[in-house]
Number of protein chains: 6
Amino acid sequence: MNDSVFWAEQTWPEAAAKVAGGAPIFLPLGATEQHGHHMALNVDVVLPTSICETVARAVGGLVLPTIPYGNRSQPKTGGGSAFGGTINLTAHTFSLVVRDVLCELYRQKVRRIVVVNGHYENIWPAVEGIELALDAIGRDRCDGLTILRLDHWDLVQPSTIDRIFPDGYPGIELEHASVIETSMMLALRPELVDLGRSLHDGPAMFKPYDRYPLPLADVPPSGVLSMTAGSQAEKGNWLLTDVVSRMTQIVRDEFGIGG
Amino acid sequence: MNDSVFWAEQTWPEAAAKVAGGAPIFLPLGATEQHGHHMALNVDVVLPTSICETVARAVGGLVLPTIPYGNRSQPKTGGGSAFGGTINLTAHTFSLVVRDVLCELYRQKVRRIVVVNGHYENIWPAVEGIELALDAIGRDRCDGLTILRLDHWDLVQPSTIDRIFPDGYPGIELEHASVIETSMMLALRPELVDLGRSLHDGPAMFKPYDRYPLPLADVPPSGVLSMTAGSQAEKGNWLLTDVVSRMTQIVRDEFGIGG
Amino acid sequence: MNDSVFWAEQTWPEAAAKVAGGAPIFLPLGATEQHGHHMALNVDVVLPTSICETVARAVGGLVLPTIPYGNRSQPKTGGGSAFGGTINLTAHTFSLVVRDVLCELYRQKVRRIVVVNGHYENIWPAVEGIELALDAIGRDRCDGLTILRLDHWDLVQPSTIDRIFPDGYPGIELEHASVIETSMMLALRPELVDLGRSLHDGPAMFKPYDRYPLPLADVPPSGVLSMTAGSQAEKGNWLLTDVVSRMTQIVRDEFGIGG
Amino acid sequence: MNDSVFWAEQTWPEAAAKVAGGAPIFLPLGATEQHGHHMALNVDVVLPTSICETVARAVGGLVLPTIPYGNRSQPKTGGGSAFGGTINLTAHTFSLVVRDVLCELYRQKVRRIVVVNGHYENIWPAVEGIELALDAIGRDRCDGLTILRLDHWDLVQPSTIDRIFPDGYPGIELEHASVIETSMMLALRPELVDLGRSLHDGPAMFKPYDRYPLPLADVPPSGVLSMTAGSQAEKGNWLLTDVVSRMTQIVRDEFGIGG
Amino acid sequence: MNDSVFWAEQTWPEAAAKVAGGAPIFLPLGATEQHGHHMALNVDVVLPTSICETVARAVGGLVLPTIPYGNRSQPKTGGGSAFGGTINLTAHTFSLVVRDVLCELYRQKVRRIVVVNGHYENIWPAVEGIELALDAIGRDRCDGLTILRLDHWDLVQPSTIDRIFPDGYPGIELEHASVIETSMMLALRPELVDLGRSLHDGPAMFKPYDRYPLPLADVPPSGVLSMTAGSQAEKGNWLLTDVVSRMTQIVRDEFGIGG
Amino acid sequence: MNDSVFWAEQTWPEAAAKVAGGAPIFLPLGATEQHGHHMALNVDVVLPTSICETVARAVGGLVLPTIPYGNRSQPKTGGGSAFGGTINLTAHTFSLVVRDVLCELYRQKVRRIVVVNGHYENIWPAVEGIELALDAIGRDRCDGLTILRLDHWDLVQPSTIDRIFPDGYPGIELEHASVIETSMMLALRPELVDLGRSLHDGPAMFKPYDRYPLPLADVPPSGVLSMTAGSQAEKGNWLLTDVVSRMTQIVRDEFGIGG
């Protein structure tokens, strides 16, 4: 058990000792959501978990169990509810899970927390979960607590994006199940990707509004919002290197951990 | 009372008659939030309300009372809670208000609804409020109901952005209290703007992560996230013309209302 | 912006400065509810907002945005849900909005708050919202906080009631859309009243119990619970003078503000 | 067990048979709240339970267990939280209890329900509980359901009030722990009343507003809001006779039960 | 009123004085649930209330009003929802009632609380209600508070079980409406038991899993999970003597009350 | 991807096709909770996940992502909150997660669900989550839905228990981190067990009540409630064989799946 960076693989005295030693604790936020015909439903779990694992190893941290169900998929960012396989939580439920876990960490005297998100729709209810935890703890009683929150794709360097998309970047919202996610999965879990089955229907051209209950018809039937062509493990490694190195640096800087 | 487009200024028989006649109903979502030293706290109320008013007049619709308190301001998109004057609702409360109003409209046999948002942080809890309303109504009992949801800034044409920002657009998230909002306010309510007091601290350079409970120090102290220089009523009118004409077209197309 | 008493029309530094100077902050509670054939749906918004405006001007206070949707209308006090135009919040939602706004004021170091209600059905969920805010703040940490809560009609002097109703007062609950509200609206917003359309079906004779889901048949079809005959702007001014002067005195006395 | 009218004293087949036979089901709403130096804390439980018992016997109904904890006592209507002995539920909790019980009755095919309230502060959260139950059941699926709701004091005849208060009636809100409640308790449970200990501090003269968190000082220290002098079992019987006969008539009329 | 041990039968000064004197306060948790053809629906109210009454008398305590509606009956432990007469609360509602009552006791400076449960399905939501109260109070502000929680059947001595079940004990979960409960009711409230009507269908043979929404068919149609044969008041007295004496001892020991 | 039984490792068309083919869907409920000095914190995740995997393979089912955080650990069944490493959800949050996932499965037309629990404290909030899902779906609209719920330890045959505990079985509640769980972990994930570090303090002798906020001192400091001596992978295989074969049979029988 000794050299695992996963909280769940520690015994309780090991976890307690690492917390007492100031280990930063990483909470990955995932989802179970369609990612096209060519990738498994767990992309949003695999990516933040894997990134946290690498960073935690570098900074002496621990990675909590990934929350495997995410906030409701929306048509323009994940395809929405029309696709089989996607399992949504309501925003309130998701926020309460985040709140409860953070309150428990605080109770255990964890004061260095990094929330790492892998699912676009989680952003706002994760923020709300953090705010609810701070409300519950008491804003004036937070006693040294620092919670960092990030979306892994925001740590990619612009130069890497330029390298991957020499013809222009469609934007992160359209990147659902597309080149970035597919390349990272090829680098990390190639057995969960089958580019041979890849369907993509050209970049989605979304109208500038949403419609409910019947969503607009502009979600590509494949579930891929942009394109998969050009996905490569090598590009995935470029992306992962960016994210991991930037995140490691942020954690070191914020928590004063030498490297 | 007859020619008002505001729901609140109808008698009940007038409102009922217009609903029976298929009038689209607009729900503006606002906020009470700092907008720099040069603008009032009600920018996110004034803009969507005014836009809805114009569109409703064009399409024979009615505008509901604007929800005047929005979801929690966040540092990178509205300055966050450090500024006096900002009054936040929790995400759950905001979603419940949206849910309740939509359920009431449905009960009154309104079937054409347009939710028009003026505050960035409202996006996700507004989506959740719509989803909760559909859950409450019953997804299989929605009986002709159509809810459109949009953020007014998404209806601006790229060419207009290029015209206003010849040196490049900083992006909508940074546009808080900046040229776009200031110009639109100058066009609509110049008495609520005093460019002479305008302070801006250069475009915010945000780090790619959030920090809680003490936010990162990169929020400009003025509360203006980008810049106010160059704000003009004329530009405001360009923007408003774009938004209103696009929104009018969307409403006509979606609801089959001739022009 | 300088001489507005509306919170929403301040810049954030102006609002912050007035709070720091001890300005009492007024929160009007409204509703969107039928008020007969002769008045607009916004009576319960207009009246408390206008009263607060006058009092705030007298005592150096600020008026927050009025909550425009109220707790569920009930048959005997507002006609109930059978009338078009009425948009209800559930009691829990309404209480949470009040709670959230009060907690935000407390966080911003506001310690002098006046909650001014204009809709009968709001009374109890407003009380609950206040109690929930105190629970959230901590009863033993309220640190100088004083919240006053009042219903504007309770500040009318008995002698004025006698003057307006020489043949006897039907009671405030029956006054929905009747002489008191109509007269006050005539004084404040005559363009929202059309006495020529006024229908009233004689004072409601309510049975001493409620029935659900089909309410008792004793709600007058017009929505006017008592009568409109005799409504006059002059009477409205008598009423408003009473309310404003009494409320001003209460605020001065409670907060030690000289006059 | 056979001749008890209490639901709780039936075996399940007996309860089921009576429900199948169309028995009206009574739900008394009580409270545990101070009632002066001379009466026990259970006045708001004893009165509605006893009234329901008598009426249920007359109409072939059953009386559910009384909800023994009520919505938060307020200073002007029950003395508020400053008195020992009072145990408050929050409004939301109270509403949920009412909702849950009503939904269960509906599930068991009960279609004739009478909610009988004995605590002033319960009125609005009881209404909300009923509305929440109807929301949960589905407004368009209520299938013959009728819920009556009443406050027992509203069934007293004006002539009886005149007889008891020849010098004028202080109003029901001030009647907390005063002549009406005391007389009814003397008639029903004299062992829970000790007029010899009775303290009352003259009728409360309430200011026309509320104050939080420290309430206004105008609550009489005894907890009696009006007066106890003149309380008599005989008057209690007058009152109970009024309430029981009126309520019996209402139930017969509404449910078509012959007498 | 003086010698009653029921909180509800005290005047407020009496309750306050006893609390100030350190009286332990007992909160019985009941249910309204089928208990076979031979017993009333209030068994789970009668037993814990009666036990608390006796113990409170012995230790100078007070017994709060019993919560008369319990958490959802489940097929294997109470027969489930198929039986007429059972009125369930949802777990969340039940927990909120427990939370609210405990918070109110804390506010009144009660520091010695004993929660005594009489309904199997209440165990977990009662625990949750206690935890929620501690969350609301603040874990680090509990200031001498001690809450004991017990299920009365756990205080029976093994030797008594052996005496009553010489052929082997079926286990407490199966004891619903069976020999233990029936014997205790015969000892306490024989008029609510009619052994002549007793039906039992042999001990339930439950499969080791649950099924929803249609439960498994293995619930005995009588609602008696084990058997009623052999129920006797005398055995009830053995059981009650065990429970009362053990509980009295626990309360004395925990709270340092001499005997 | 083809031969994985994990939902998360399917593409969405694969998941949708298996659902359409009637595949039973398994939802494992786990926890992150101390399990002594010799086992990792993920025992309650590993065991139900692994069992589900084997059964799903046998019956053509799919295993959803395991909920990795469980309901609050209690002293007598999991050691409670005093141990480092344990991360609790509140009961309400846990129930909402279960509810949301089940509602999503229903929406996707899954009609055969098996909820498999690995953490004692999850039992009741899992039941509540199922009931809440049925409430949300509508009890009369469940349309062929069957949800089975089981705790894996209940499927062990008595003869196996006798074989493992020739000197008597301490009972499942005491089995936390003891011989049963340790043996099963040795069989499944021996690298997460280190018997050399095993501490156990003799079987816990619990008093027959709980105490809050300071729990009774009778929780063994090691966190092992019974004993670890005698744990062996072979015994683990006996246990797993029992559970898997019984569960396979139950699923086949309930869903009419041939073997």
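You'll find the structure just up there.
Each residue is numbered by its place in its chain's sequence as written, counting from 1. As they are written, the chains are lettered A onward and the ligands numbered 1 onward, keeping that order. Whole-chain, interface and lining totals are the exception, using all residues; otherwise, since this is a predicted model, local features are given only for residues with pLDDT of at least 70 and side-chain atom pairs are given and counted only at 80 or more. With hydrogens and water excluded, all non-hydrogen atoms of the structure serve as input to the side-chain values.

**Brief notes about the arrangement of the chains**
Working step 1: The two units chain B and chain E are non-contacting; their minimal C-alpha-C-alpha distance is 18 Å.
Working step 2: Residues are treated as being in contact if the distance between any of their heavy atoms lies within 4.5 Å. In this structure chain C stays clear of chain F, and the shortest span between their C-alpha atoms is 18 Å.

**A word on the interface of chain F and chain A**
Working step 1: Counting residues at the interface gives 56 residues for chain F and 56 residues for chain A.
Working step 2: Each of two parts loses accessible area, computed with a 1.4 Å probe, when they are put together; buried area is these two losses added. Together chain F and chain A conceal approximately 4100 Å² of surface at their shared face, both sides included; 60% is due to carbon and sulfur atoms.
Working step 3: By salt bridge we mean one thing: a side-chain nitrogen of Lys or Arg within 4 Å of a carboxyl oxygen of Asp or Glu. Put simply, Glu14 of chain F and Arg197 of chain A hold a salt bridge, and the shortest N to O gap is 2.5 Å.
Working step 4: Counted as a polar contact is a pair of N or O atoms within 3.5 Å, where, for protein atoms, one must be capable of donating a hydrogen and the other of accepting one, and residues adjacent in sequence contribute only when both atoms are in side chains. Remark: the boundary between chain F and chain A carries 28 residue pairs in polar contact (both at pLDDT 80 or more).
Working step 5: Going through the elements one at a time, α1 (12–20), β4 (88–89) and α4 (91–107) of chain F are the ones with two or more residues in the side of chain F that touches chain A. Note on conventions: DSSP H or I runs of at least 4 residues are helices, E runs of at least 2 residues are strands, and numbering of each starts at the N terminus.

**Details of the sheet that holds strand β2 (residues 62–63) of chain D**
Working step 1: Two strands qualify as a pair provided that DSSP identifies no fewer than 2 bridges between them. Taken together, five strands build an open sheet; the order of strands is β7(C)-β6(D)-β5(D)-β1(D)-β2(D) and the sheet is mixed. A single partner strand is all that each edge strand has here, and the edge strands are β7 (210–212) of chain C together with β2 of chain D.
Working step 2: With five bridges connecting them, strand β1 (residues 25–29) of chain D and strand β5 (residues 112–117) of chain D associate as parallel partners. Paired with Pro28 of chain D across the bridge in β5 of chain D is Val116 of chain D.
Working step 3: Simply put, an axis is a line fit to the C-alpha atoms, just over the touching stretch for a helix, and the angle between two N-to-C directions goes from 0 to 180 degrees. Strands β1, β5 and β6 (146–151) of chain D of the sheet are contacted by helix α4 (residues 91–107) of chain D, whose axis makes an angle of about 170 degrees with β1 of chain D.

**Considerations on the relation of the copies chain F and chain A**
Working step 1: When the copies are superposed, the least-squares fit draws on C-alpha atoms of residues that have pLDDT of at least 70 in both. Mapping chain F onto chain A is achieved by rotating through 180 degrees and translating by 0.0 Å along the same axis, at an RMSD of 0.0 Å. On this basis, the relationship between the two copies can be described by a two-fold rotation axis. Relative to the rotation axis, the closest C-alpha in chain F is found at Thr93 of chain F, a distance of 3.3 Å.
Working step 2: Looking at chain F, 100% of its interface residues are interface residues in chain A too, so the copies touch through the same face.

**Things to note about helix α7 (residues 179–188) of chain F**
Working step 1: Partly exposed describes any residue whose relative accessible area lies between the buried limit of under 20% and the exposed limit of over 50%, with all areas from a 1.4 Å probe on protein chains only and scaled to the type maximum. Counting buried residues in α7 of chain F gives eight out of ten residues, a clear majority hidden from the surface.
Working step 2: Close packing links the buried residues of α7 of chain F with α2 (43–59), α6 (158–164) and α8 (233–255) of chain F.

**Section: the environment of Val5 of chain F**
All names here are of chain F.
Working step 1: Mapped onto the elements, Val5 comes out in the segment before α1.
Working step 2: Along the sequence, Val5 and Ala204 sit 199 residues apart, while their C-alpha atoms lie 39 Å from each other.
Working step 3: When near neighbours in sequence (up to four residues on either side) are disregarded, Val5 contacts Gln10, Glu53, Ala56, Arg57, Gly61, Leu62 and Val63.

**Let's talk about the pairing of strand β1 (residues 25–29) of chain E**
Residues and elements named next belong to chain E.
Working step 1: Most of β1 sits out of view: five of its five residues are buried.
Working step 2: The alternating pattern of β1 places Ile25, Leu27 and Leu29 on one face and Phe26 and Pro28 on the opposite face, and all of these are buried.
Working step 3: Pairing analysis gives two bridges linking β1 to strand β2 (residues 62–63), with the strands arranged parallel. When the sheet's bridge partners are listed, Phe26 is paired in β2 with Val63.
Working step 4: With its strands directed away from the observer, a crossover is right-handed exactly when the path from the first strand over the helix to the second travels clockwise. As for the winding sense of the linkage, the β-α-β connection from β1 through helix α2 (residues 43–59) to β2 is right-handed.

**A few points about the environment of Gly61 of chain B**
All names here are of chain B.
Working step 1: Positionally, Gly61 belongs in the loop between α2 (43–59) and β2 (62–63).
Working step 2: Separated by 35 residues in the primary sequence, Gly61 and Phe26 have C-alpha atoms spaced 7.3 Å apart.
Working step 3: Apart from the residues lying within four places of it in its own chain, the contact partners of Gly61 are Val5, Ala23, Pro24, Phe26 and Ala56.

**Thoughts on the packing of aromatic side chains**
Working step 1: Only the six-membered ring of Trp is used, alongside the rings of Phe and Tyr, when aromatic pairs are assigned; centres must lie within 6.5 Å, and planes under 30 degrees apart are stacked while those over 60 apart are edge-to-face, with the rest tilted. Counted according to the given criterion, the structure contains 24 aromatic pairs over all chains.
Working step 2: Following the ring pairs from residue to residue traces out a cluster consisting of Tyr120 and Trp153 of chain A together with Trp124 of chain B.
Working step 3: Geometrically, a charge over a ring is one whose NZ (Lys) or CZ (Arg) sits within 6 Å of the ring centre while staying within 35 degrees of the ring normal. The ring of Trp238 of chain B carries the charged tip of Arg163 of chain B above its face, separated from the ring centre by 3.8 Å.

**Comments concerning the packing of helix α4 (residues 91–107) of chain B against helix α5 (residues 123–137) of chain B**
Residues and elements named next belong to chain B.
Working step 1: It is the contact of α4 with α5, at a shortest axis distance of 7 Å, that shows an interaxial angle of 45 degrees. Relative to α5, the element α4 lies oblique. In this structure, the crossing between α4 and α5 has a hand that is right-handed. Seen from α4, the contacting residues are Ala91, Phe94, Ser95, Leu96, Val98, Arg99, Leu102, Cys103 and Tyr106; seen from α5, they are Pro125, Ala126, Glu128, Gly129, Ile130, Leu132, Ala133, Ala136 and Ile137.
Working step 2: Think of it as three bins: nonpolar holds Ala, Val, Leu, Ile, Met, Phe, Trp, Tyr, Cys and Pro, charged holds Asp, Glu, Lys and Arg, and polar takes everything else, Gly as well. For the contact of α4 with α5, the residue count by class is 14 nonpolar, two polar and two charged. An angle below 35 degrees is read as roughly parallel, one above 145 as roughly antiparallel, one from 65 to 115 as roughly perpendicular, and any other as oblique. Left-handed is the label given to a crossing in which the near helix is rotated counterclockwise from the far helix by less than a right angle, and right-handed is the label when the rotation is clockwise.

**Observations concerning the pairing of strand β6 (residues 146–151) of chain F**
Residues and elements named next belong to chain F.
Working step 1: Burial analysis of β6 places six of its six residues in the buried class, the great majority of the element.
Working step 2: Alternating residues of β6 divide into Thr146, Leu148 and Leu150 and Ile147, Arg149 and Asp151, and every residue in both groups is buried.
Working step 3: Note that the unit made of strand β5 (residues 112–117), helix α5 (residues 123–137) and β6 has a crossover that is right-handed.

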